[in-house]
Amino acid sequence: MKIKNVCILGAGTLGSRVALQAALSGYKVRIYDINPTALENSKKTMAKIIDQLAKGTGLEESAGMNAIDGIVFTDNATNAVMDADLINESVLEDIQVKNQVWEMFGQIAPEKTIFTTNTSFLLPSMFAEISGRPAKFCALHFHDVFYSKVVDIMPHPGTDPDLVPLLEEFGRSLEQVPVTVKKENHGYIFNSMLMAFIGAAGKLLTKEIASIEDIDKSWMVNFHMPMGPFGILDSIGLDTAWHVTKSQPDAASQKFAALLKTYIEAGKLGEKSGEGFYKYPKPEYRNSGFIS
Ligand SMILES: NC(=O)c1ccc[n+]([C@@H]2O[C@H](COP(=O)([O-])OP(=O)(O)OC[C@H]3O[C@@H](n4cnc5c(N)ncnc54)[C@H](O)[C@@H]3O)[C@@H](O)[C@H]2O)c1
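Because the structure is predicted, anything quoted here is derived from the model rather than measured. (Residues numbered from 1 in each chain as written. Predicted model: local features only at pLDDT ≥ 70, side-chain atom pairs only at ≥ 80, totals over all residues. Heavy atoms only, no water.)

A. Focus on the layout of surface pockets. Space inside the second largest pocket adds up to approximately 240 Å³. Lining of the second largest pocket is provided by F190, M193, L194, F197, W219, M225, P226, M227 and I232. Looking at the lining of the second largest pocket, the element that brings in the most residues is helix α8 (residues 190-206), giving four residues. Split into classes, the residues belonging to the lining of the second largest pocket amount to nine nonpolar, no polar and no charged. (1 Å grid on protein atoms, 1.4 Å probe; cavity = no way out; pocket = protein on both sides within 12 Å on 5 of 7 lines; lining within 4 Å. Points joined across faces, edges and corners; volume = space filled by probe spheres on them. Helix = DSSP H or I, 4+ residues; strand = E, 2+ residues; numbered from the N terminus. Nonpolar A, V, L, I, M, F, W, Y, C, P; charged D, E, K, R; others polar.)

Structural data, given as structure tokens:
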């Protein structure tokens, strides 16, 4: 099967990026959202990304703007999915919302359509049945698309095995490096490693073994990295980090989640709110004297 027509569900942060990259890669793209304002904002976000790509990578601005002009932005589900060879879903990370969306698209999508989800911490088997076509259902999870160019392909036990190489090829065509998760796993590959790393840093802090700065310095110097675990947490957002940490059952995670909550209650959500473990836009770890 040759994928030509792509339908993106959810025109937020990730859906906009996947839609734009698909259009730049020559696919016919339709993007759907229930919220018309999200669709308007999505178009503006795409234009900003094209501007950055033109400055940073030499992409011709006119080619980028033509790609955006070729995308159909719609709040009409039937129109969005007509002719779709593949759906990539990026709606809210909420099991009920995703179930509603997959139940509806399972009924209105053409028979040929492959179903893929971008869920970050849920599993494809949680929506595969309700979509009505579990064999054609698989996770296809992008990261940032333009900066972190990895795509996770994670089938559930009922996925047709032939779908995996097809999605690998599709991922490569979008300039991503495909990695396959052989068994369903919350957090795929990278997020699983990241959670363990962040958890270890949180434990060092809550057990008062080392300071935030020294934990970060240790990582930055050893691995020649521009930031350590607490700088990374600030960039992820402490609210998101709290949701993930709180869902871990062990006592160390619960203790770290309780600490994160004190930051959230003080309005310190990380880089996006101007303060988290560090103050932005000029966090201490970016000072040349931080590592000395
Ligand atoms: N943001 C990222 O970097 C990132 C990376 C990997 C995976 N993800 C996953 O992608 C999904 C979307 O994340 P996001 O950060 O883009 O969220 P977001 O909040 O920016 O966008 C979600 C969009 O879904 C829309 N929506 C809500 N209910 C809907 C419905 N019933 N039908 C259609 N659209 C609906 C919202 O209007 C919104 O525009 C989540 O599952 C998330 O875990 C996000």
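On we go from here.
B. Structural context of the site of the ligand. Around the ligand, 22 residues are found, and the nearest of them are L14, D33, E93, K98 and S120. Between the ligand and L14 there is a distance of 2.8 Å, counted from an oxygen atom to a backbone nitrogen or oxygen. Considered on its own, the ligand offers 840 Å² of accessible surface; in the complex 76% of this is hidden by protein. For the shell around the ligand, the secondary-structure elements that each account for two or more residues are α1 (13-24), α5 (95-108) and β6 (137-142). Broken down by element, the residue count for the shell around the ligand peaks at three residues, all from α5. A per-class count over the shell around the ligand returns 10 nonpolar, nine polar and three charged. (Near = heavy atom within 4 Å. Polar contact = N/O pair within 3.5 Å; in protein donor to acceptor, adjacent residues only side chain to side chain. Areas by Shrake-Rupley, 256 points an atom, 1.4 Å probe, with all protein chains shown as cover.)

C. Here's a closer look at helix α7 (residues 163-173). Within the sequence span of α7, burial applies to L163, V164, L166, L167, F170 and G171. Axial view of α7: buried residues confined to an arc of 160°, hence all on one face. If you follow the buried residues of α7, they end up packed against β1 (5-9), β4 (86-89), β5 (114-117), β6, β7 (150-155) and β8 (177-180). Positive backbone phi, approximately 65°, marks E175, located one or two places after α7. (Buried < 20%, exposed > 50% of the residue type's maximum accessible area, 1.4 Å probe, protein only. Arc of directions from axis to C-beta. Contact = heavy atoms within 4.5 Å.)

D. Structural view of the side chain of S253. Within the secondary structure layout, S253 lies in helix α12 (residues 251-265). Relative accessible area serves as the criterion here: at 13%, S253 is assigned to the buried category. Residues in contact with S253, not counting those within four places in the same chain, are T245 and Q248.

E. Structural view of the nonpolar core. Grouped together as the largest cluster of nonpolar side chains are 36 residues, with contacts concentrated most on Y27, V29, F142 and F170. Sorting the residues of this core by element identifies β1, α1, β2 (28-32), α2 (36-57), α3 (61-69), β6, β7 and α7 as the ones contributing at least two each. Here this core takes six residues from α1, the largest share from any one element. With residues up to four places along the chain from it excluded, the contact list for F170 reads I3, V6, Y27, L86 and L140. (Core = buried A, V, L, I, M, F, W, Y, C linked by side-chain atoms within 4.5 Å.)

F. Expanded view of the domain arrangement of the chain. Taken domain by domain, the chain consists of domain 1 (5-180) and domain 2 (190-279). Of note, the centres of domain 1 and domain 2, computed from C-alpha atoms alone, are 30 Å apart. Contacts between domain 1 and domain 2 engage four residues on the former and four residues on the latter. Interface of domain 1 and domain 2: buried area, both sides summed, is about 290 Å²; carbon and sulfur atoms make up 72% of it. Taken as a group, F121, H141 and H143 account for 87% of the area that domain 1 buries against domain 2, more than any other trio of residues on that side. The interface formed by domain 1 and domain 2 includes zero residue pairs in polar contact (both at pLDDT 80 or more). (Domains from an automatic or database assignment. Buried area = accessible area lost by both parts, 1.4 Å probe.)

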